[in-house]
Amino acid sequence: METNMPSKSSSYAVLEGQYTLHETIGTGGFAKVKLGTHVLTGDKVAIKIMDKRLLGEDLPRVKLEIEALKELSHQHICKLYQKIEIENKIFLILEYCPGGELFDYIVERDRLEEKEARVFFRQIVSAVAYIHNKGYAHRDLKPENLLLDDEQNLKLIDFGLCARPKGGMETHLETCCGSPAYAAPELISGQEYLGNEADIWSLGVLLFALLCGYLPFDDDNVSTLYKKIQNGEYECPFWLSQKSKQLLHRLLQVNPKHRITVTELLTDPWLMEGFTEPVLWKNPFKTSKLDEECLIELSMYYGKPRTVIVEEIMQRNFTYISATYSLLLQRKAKGQRIRLESDT
Ligand SMILES: COc1cc(O)cc(Nc2ccc(C(=O)Nc3ccccc3)c(OCCC[NH3+])c2)c1
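Residues numbered from 1 in each chain as written. Predicted model: local features only at pLDDT ≥ 70, side-chain atom pairs only at ≥ 80, totals over all residues. Heavy atoms only, no water.

**Student:** Is there a simple way to explain the packing of helix α5 (residues 114-133) against helix α7 (residues 195-212) in this structure?
**Tutor:** Helix packing geometry: the angle between the two helix axes and the distance between the axes. Orientation of α5 relative to α7, taken along the N-to-C sense of each, is 165°, at an axis distance of 10 Å. It follows that α5 is roughly antiparallel to α7 by the angle criterion. The two elements α5 and α7 cross, and the hand of that crossing is right-handed. Counting all contacts with α5, which are made through E114, A117, F121, I124, V128 and H132, the residues of α7 involved are N196, D199, L203, L206, L207, L210 and L211. (Axes fitted to C-alpha atoms, helices over the stretch in contact; angles between N-to-C directions. Helix = DSSP H or I, 4+ residues; strand = E, 2+ residues; numbered from the N terminus. Parallel < 35°, antiparallel > 145°, perpendicular 65-115°, else oblique. Left-handed = near helix turned anticlockwise from the far one by under 90°. Contact = heavy atoms within 4.5 Å.)

**Student:** What exactly am I supposed to notice about the site of the ligand here?
**Tutor:** Taken together, 16 residues are adjacent to the ligand, and I25, K48, E65, C97 and E101 come closest. Contact between the ligand and E101: a nitrogen atom at 2.9 Å from a side-chain N or O atom of the residue. Of all the secondary-structure elements, those providing two or more residues to the shell around the ligand are β3 (44-51) and α3 (59-71). Residues belonging to the shell around the ligand are distributed by class as follows: 11 nonpolar, no polar and 5 charged. (Near = heavy atom within 4 Å. Polar contact = N/O pair within 3.5 Å; in protein donor to acceptor, adjacent residues only side chain to side chain. Nonpolar A, V, L, I, M, F, W, Y, C, P; charged D, E, K, R; others polar.)

**Student:** Sorry, what's going on with helix α14 (residues 320-333) here?
**Tutor:** For an α-helix the count is 3.6 residues per turn, leaving residues at separations of three or four pointing the same way. Taking 1.5 Å of rise per residue, the 14 residues of α14 would be expected to cover 20 Å, and the 20 Å separating its terminal C-alpha atoms lies within 8% of that figure. Of all the residues in α14, the buried ones are Y320, I321, S322, A323, T324, Y325, L327, L328 and R331. The secondary structure elements touched by the buried residues of α14 are β1 (19-28), β2 (31-38), β3, β4 (80-85), α12 (292-302) and α13 (306-314). Positioned one or two residues after α14, G335 has a phi angle of 75°, which is positive. (Expected span 1.5 Å × (residues − 1). Buried < 20%, exposed > 50% of the residue type's maximum accessible area, 1.4 Å probe, protein only.)

**Student:** Explanation requested: the pattern of salt bridges in the structure shown.
**Tutor:** Two side chains bearing opposite charge may form a pair once their charged atoms approach each other closely. For the structure on display, the rule yields 23 salt bridges. Where E67 meets K70, a salt bridge forms, and the shortest distance between an N and an O atom there is 4.0 Å. Here E67 and its partner K70 are both found in helix α3, 3 residues apart, which amounts to about one turn of the helix. Among the residues examined, E67 registers a relative accessible area of 45% and is labelled partly exposed. On the basis of relative accessible area, K70 is assigned to the buried category, the value being 17%. R250 is the salt-bridge partner of D268, the closest N and O atoms lying 3.4 Å from each other. Of the two residues, D268 is situated in the loop between α10 (262-265) and α11 (269-272) and R250 in helix α9 (residues 242-251); the sequence distance between them amounts to 18 residues. On the basis of relative accessible area, R250 is assigned to the partly exposed category, the value being 27%. Residues participating in the shared-partner salt-bridge network are K52, K63, K83 and E85. (Salt bridge = Lys/Arg side-chain N within 4 Å of Asp/Glu carboxyl O.)

**Student:** Teacher, can you tell me more about the side chain of E297 here?
**Tutor:** Assignment of secondary structure puts E297 in helix α12. Only 2.8 Å separates the side chain of E297 from the side chain of R339, close enough to count as a polar contact. The residues contacting E297, other than those within four sequence positions of it, are L328, I338, R339 and L340.

**Student:** Looking at this structure, I do not really get helix α4 (residues 102-109). What am I missing?
**Tutor:** Looking only at α4, the buried set comprises L102, Y105 and I106. Seen along its axis, α4 keeps its buried residues to an arc of 95°; they face one direction. Exposed and oriented more than 90 degrees from the buried face of α4 are V107 and E108. Considering only its buried residues, α4 is in contact with β6 (100-101), α5, β7 (146-148), β8 (154-156) and α7. Backbone geometry just downstream of α4 places D110 in the positive-phi region, at approximately 70°. (Arc of directions from axis to C-beta.)

Distances and angles like these do not, on their own, reveal function.
Structure below.
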C-alpha cells in the first residue's frame, strides 16, 4: 500500500553525518529523548525529538523553551547545543547527563544526609537564582527534572513550562502547571501568581524530599492533597536539624509574600553551614571572549576563516558549528584533547 509517511529513518536523515543516534532513554508527552554521538568529537549528547504534528497547541511552548534555553548558560542547567527544525520535526541537541534523575538517587538511598543534601541544594539554588535573574521562572521544579552529569553535578532540565511573562516577573501567570505535589498554594487555588515565588515554594518541597525521602504534602486523593498544600501543614521527622526546619519554614510559607526570596536564600544559615561563600549564581565561565584554540581548530577543520566561525557562533543560531564549539570548550575544560576527527 502506497504511503506518503516517510519511514522513521528518513526523517532522521537530517542528522546524517552530524550525530549518530542510539537507544531511546526517555519518553514523555510528545517528545522522546535518544542518546546520540556528536560525530566530529565522538562526545555523547542527548537528542530530544518532537513531532510538530503531535505537539498541536503545545508547539508555542516548545518555541518558548527553545528561546529560553538560548539565553540560559549555567553550570547547573542542561545545555542546549543545537536546534534542528525540519518540516514535521524539531530536534534539540542537549547536554548528556548520564547520572540519571535526582529522584532515583534519593530513592536508592532512602534520604540524603544533610551534608550531601546541602551540596545538591546549593547547586539547585544557584540555577534557580540565575534563571530568576534572567527574568525566567521554571515552574516545574522537582527531582525528576534534575539530572546528574558524569561528575555528580546537578543539571536542571525541561523548561517546557517555564515562563517569561511579557511584563517581566511582576505580571501574574494564570496558567496552572507543574506537578501537584510541588505546586504552590496560590498556583493550585487558581489565583494569579508570580512564577519566581511559586519556584521558591517548589524548592521547599524539593528540600524536604532531599532530607526526608518522601513528600511534605501527599495524598492519593488530589483534592485532599490540595487542601494539605493550601493549609501548608507538614510534619518534620525527628532527624531534621533546627536550621533545616527553619529553612523549610521560610520556603513553605502559604502566603507568597511571607516566603523567603531567592536573594535571602543565597545566605540562609542552613545553606551556609560548612561554607564560607554565599551560593554563587553567576556563570563563572561566562566570558564574552571566545576560546582561540577551539576557534582555530574549527577554522582549520572547515577551511573557513576564523572570522566566519566567530560570526556563526556569535549569531546564536545553535548550528552544528556552534554545537561543536561548545563541545570542544567542554572537552578543553575537562583537560581532554580538542582534535576534530578529520576524515583524512
Ligand atoms: C535544558 O535541558 C533539557 C530540556 C528538555 O526539554 C529536556 C531535557 N531532557 C534530557 C536531557 C538529557 C538527558 C540525558 O542525558 N539522559 C541520560 C543520559 C545517559 C544515561 C541516562 C540518562 C535526558 O534523559 C532523559 C531520561 C532521564 N530519566 C533528558 C533536557
